[in-house]
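For reference, the chains in residue letters:
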Amino acid sequence: MGRIAGIRIENYGSLKNVKLGKLLSDSRGNELTNMNAIIGQSGTGKSSLADAFGFLADCLEKGVETACDLNGRGGYESILSQGATEPIRFEIYYRETSNESPITYELSIGLDKNDRPIIEKERLRQRRANERYGRPMSFLYLEYGKGYAFKGNNSGFLEEENQEIGDKVDVELADPRQLGIVTLGELREHPRIVKFKNFLKNWYLCYFSPTAAREIPNAGPQKYLNRLGNNVNNVAQFLYREDPKDFLKVLRSIQTKLPGIREIRPVKLQNGQLVLEFLEEGFDKPFYSQKMSDGTLKLFAYYLLLHERDARPLVFIEEPENGLYHKYLADLARQMKDSIKGTYSKQLFITTHSPFFVNALSPEEVWVLEKQDNGFSTITRASEYEYVRHLCNTEIELGDLWYSDYFG
């Protein structure tokens, strides 16, 4: 279902202009890997980076005006970089598969004459099939909700040559505060827009709460963990219903990674719900999620996330180390890497303060945010720091180098 090769964020809080990976507008550097950890001191913008991904997802689901107010953002003026006169901008460089030409999505969000958030510009571009070089064609272009879209998979507008290829459709949205990909992404004649919309729609931003996970909701089986993780039992019920034997294998795999847990058993209640029993070392009677420690519940939720059927293409987790014993973190990082090994359409983004987590990663998988004198943040791949790659090749672990102030 695709993955991000690169992303640029402009005028979003402390992220005045940051770029990760490779872009159409800036092809320097390598594409993003399947694992991408973001580190840095407190206040350097890690939460802002995570929130920028969440903001994009909220724009798709709720519209830009509502997205500006969700999750305590406080409105457009609060999330716009201080002193910025230009709009908030995003550029996403994305591939549906490793064999397809990359697609560039550009989004600019400003204010209308009534100071309400509005989409100033939205564009999708892609090169023609089997074309490695040259400028890509725009197959969606909207300004303030008006513009055009091209049907099919190999059509668009070549700006440099002023040439239209394929079937062009004039577009005028009823509400320019809604993304054009929301409307056009429901139409079969626009397959590339459909794929990109579905890719963005399936992002998972994890705000896991152990307190919420202790709830036993009334709803039935659910395929995916929600943002708070308070449907752990529902996801377990779904996995058990789909393939009981495979789910039991998953539980056996997870229980070996949870300290002090000798067995996890699914139990079906009389009302049809399924709950999980945790059998701890030293106790004869099982415990349910309401009585488990925060750390055990967090670990269980993370490992359950890694075993999802039809895994979501992008998962963003903030500071998984919170509430976890530090010795569990390197293994968690390795398990995360193993879950995406050999795949293309499964990508993890993690913010972390933990050198133990970073020790399991390579310099290409780690990005460092640093606050500059002007108050805005810059981001650098760990492999770009002098001596880092050489020292890692001498079997010194990356997290130890970071902890010892060799970089960042």
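Please refer to the structure higher up on the page.
Residues numbered from 1 in each chain as written. Predicted model: local features only at pLDDT ≥ 70, side-chain atom pairs only at ≥ 80, totals over all residues. Heavy atoms only, no water.

### Observations regarding the overall build of the protein
The condition that has to hold: Put simply, DSSP H or I for four residues or longer makes a helix, DSSP E for two residues or longer makes a strand, and each gets a number counted from the N terminus. Note on exposure labels: buried denotes an accessible area under 20% of the residue type's maximum, exposed denotes more than 50%, and partly exposed covers the range between, all computed with a 1.4 Å probe on protein chains only. Contacts are residue-level and defined by heavy atoms, with any inter-residue pair within 4.5 Å sufficient. Surface exposure here means Shrake-Rupley accessible area, sampled with a 1.4 Å probe, where a residue is shielded only by the protein chains that are shown. By the counting rule applied here, Lys and Arg register as positive and Asp and Glu as negative, while His and the ends of each chain are not counted. Charge placement uses NZ in Lys and CZ in Arg. For Asp and Glu, CG and CD serve respectively.
From N to C terminus, the protein includes 13 helices and 18 strands. Dimensions of the protein, computed from the C-alpha atoms along their principal axes, are close to 75 × 55 × 45 Å. A burial count over the protein gives 54% of its 408 residues as buried. For the protein, long-range pairs separated by at least 24 residues make up 56% of all intrachain contacts whose partners lie at least 6 apart in sequence. Total accessible area computed for the protein in this model is approximately 18,800 Å², and 44% of it derives from carbon and sulfur atoms. In the protein, the 53 positive side-chain charges and the 57 negative ones have mean positions that sit 4 Å from each other.

### Re the packing of aromatic side chains
Our working definition: Between rings of Phe, Tyr and Trp, where Trp is taken as its six-membered ring, a pair exists when centres lie within 6.5 Å; planes separated by under 30 degrees are stacked, by over 60 edge-to-face, and by other angles tilted. Put simply, a charge is over a ring when the Lys NZ or the Arg CZ is close to the ring centre, within 6 Å, and near the line of the ring normal, within 35 degrees.
In the structure shown here, the tally under the stated rule is 21 aromatic pairs. The interplanar angle of 85° and the centroid separation of 5.6 Å between the aromatic rings of Tyr 148 and Phe 150 together place this pair among those described as edge-to-face. Taking relative accessible area as the criterion, Phe 150 reaches 1% and is therefore assigned buried. Members of the aromatic cluster, joined through ring pairs, are Phe 53, Tyr 94, Tyr 105, Phe 196, Phe 199, Trp 203, Phe 316 and Phe 349. The side chain of Arg 192 reaches across the aromatic face of Phe 139, ending 3.9 Å from its centre. Of note, Lys 257 hangs over the ring of Tyr 303, and the distance from its end group to the ring centre comes to 6.0 Å.

### Topic: the pairing of strand E6 (residues 117-126)
Note the threshold: In short, DSSP must find at least two bridges between two strands for them to pair.
In terms of burial, E6 is largely enclosed, as eight of its ten residues are buried. Judged from the nine bridges that link them, strand E5 (residues 103-111) and E6 form a sheet pairing that is antiparallel. Among the inter-strand pairings, Leu 107 is bridged to a residue of E6, identified as Glu 122. Relative to strand E7 (residues 137-143), E6 runs antiparallel, the two being bridged by six bridges. The partner of Glu 122 across the bridge, within E7, is Leu 142.

### Thoughts on the sheet that holds strand E3 (residues 35-39)
Condition: Helix axes use the C-alpha atoms of the stretch in contact, all axes being lines fitted to C-alpha atoms, and the angles between their N-to-C directions lie in the range 0 to 180 degrees.
One open sheet holds the six strands; their spatial order is E12-E15-E16-E3-E17-E18, and the pairing between them is mixed. What marks the edges here is a single partner per strand, and that holds for strand E12 (204-206) and strand E18 (377-381). Averaged over all adjacent pairs, the angle separating strand axes in this sheet is 20°, with direction ignored.

### Quick word on the nonpolar core
For clarity, the cut-off: The criterion is simple. A nonpolar core is a set of buried Ala, Val, Leu, Ile, Met, Phe, Trp, Tyr and Cys residues joined through side-chain atoms within 4.5 Å.
In terms of nonpolar packing, the biggest core is built from 60 residues, with Phe 53, Ile 181 and Trp 203 touching the most fellow members. Here this core takes nine residues from helix H1 (residues 46-62), the largest share from any one element. Counting residues in each nonpolar core, the second largest holds 58 residues, with Ala 37, Tyr 302, Leu 305 and Leu 348 among its members.

### Comments concerning the pattern of salt bridges
For side chains of opposite charge, pairing can occur when their charged atoms come near one another. This is how the line gets drawn: The salt bridge definition used is simple: a Lys or Arg side-chain nitrogen within 4 Å of an Asp or Glu carboxyl oxygen.
Inspection of every chain in the model, using the stated rule, returns 27 salt bridges. The salt bridge partner of Glu 65 is Arg 177, with a shortest N-O separation of 2.6 Å. Here Arg 177 lies in the loop between strand E11 (168-172) and helix H4 (180-184) and Glu 65 lies in helix H2 (residues 64-67), a separation of 112 residues in the sequence. Here Glu 65 falls in the partly exposed class, since its relative accessible area comes to 28%. Take Arg 177: its relative accessible area is 23%, and that puts it in the partly exposed class. In this structure, Arg 135 engages Glu 160 in a salt bridge whose closest nitrogen and oxygen atoms are separated by 3.6 Å. Of this pair, Arg 135 sits in the loop between E6 and E7 while Glu 160 sits in the loop between strand E9 (156-158) and strand E10 (163-165), placing them 25 residues apart in sequence. Since its relative accessible area comes to 52%, Glu 160 is described here as exposed.

### Considering unusual backbone geometry
Positive phi values are uncommon outside glycine, yet Asn 162 reaches one of about 50°. Mapped onto the elements, Asn 162 comes out in the loop between E9 and E10. A relative accessible area of 61% places Asn 162 in the exposed class. Even without glycine at this site, Asp 310 takes up a positive phi of about 50°. Looking at where Asp 310 falls in the secondary structure, it is placed in the loop between helix H9 (294-306) and strand E15 (314-318). Among the residues examined, Asp 310 registers a relative accessible area of 56% and is labelled exposed.

### What to know about the packing of H9 against helix H10 (residues 329-340)
Stated precisely, the cut-off is as follows: Oblique is the label for any angle not covered by the other classes, which are roughly parallel (under 35 degrees), roughly antiparallel (over 145) and roughly perpendicular (65 to 115). Note on convention: the crossing is left-handed when the near helix lies turned anticlockwise from the far helix by less than a right angle, right-handed when the turn is clockwise. We call Asp, Glu, Lys and Arg charged. Ala, Val, Leu, Ile, Met, Phe, Trp, Tyr, Cys and Pro are nonpolar, and the rest, Gly among them, are polar.
Remark: H9 packs on H10, axes separated minimally by 10 Å, with the N-to-C direction vectors making an angle of 15°. Taken together, the axes of H9 and H10 lie roughly parallel to each other. For H9 against H10, the interelement crossing comes out left-handed. Facing H9, whose interface residues are Leu 299, Tyr 302, Tyr 303 and Leu 306, H10 presents Asp 331, Leu 332, Gln 335, Met 336 and Ser 339. Class assignment for the residues of the contact of H9 with H10 results in six nonpolar, two polar and one charged.

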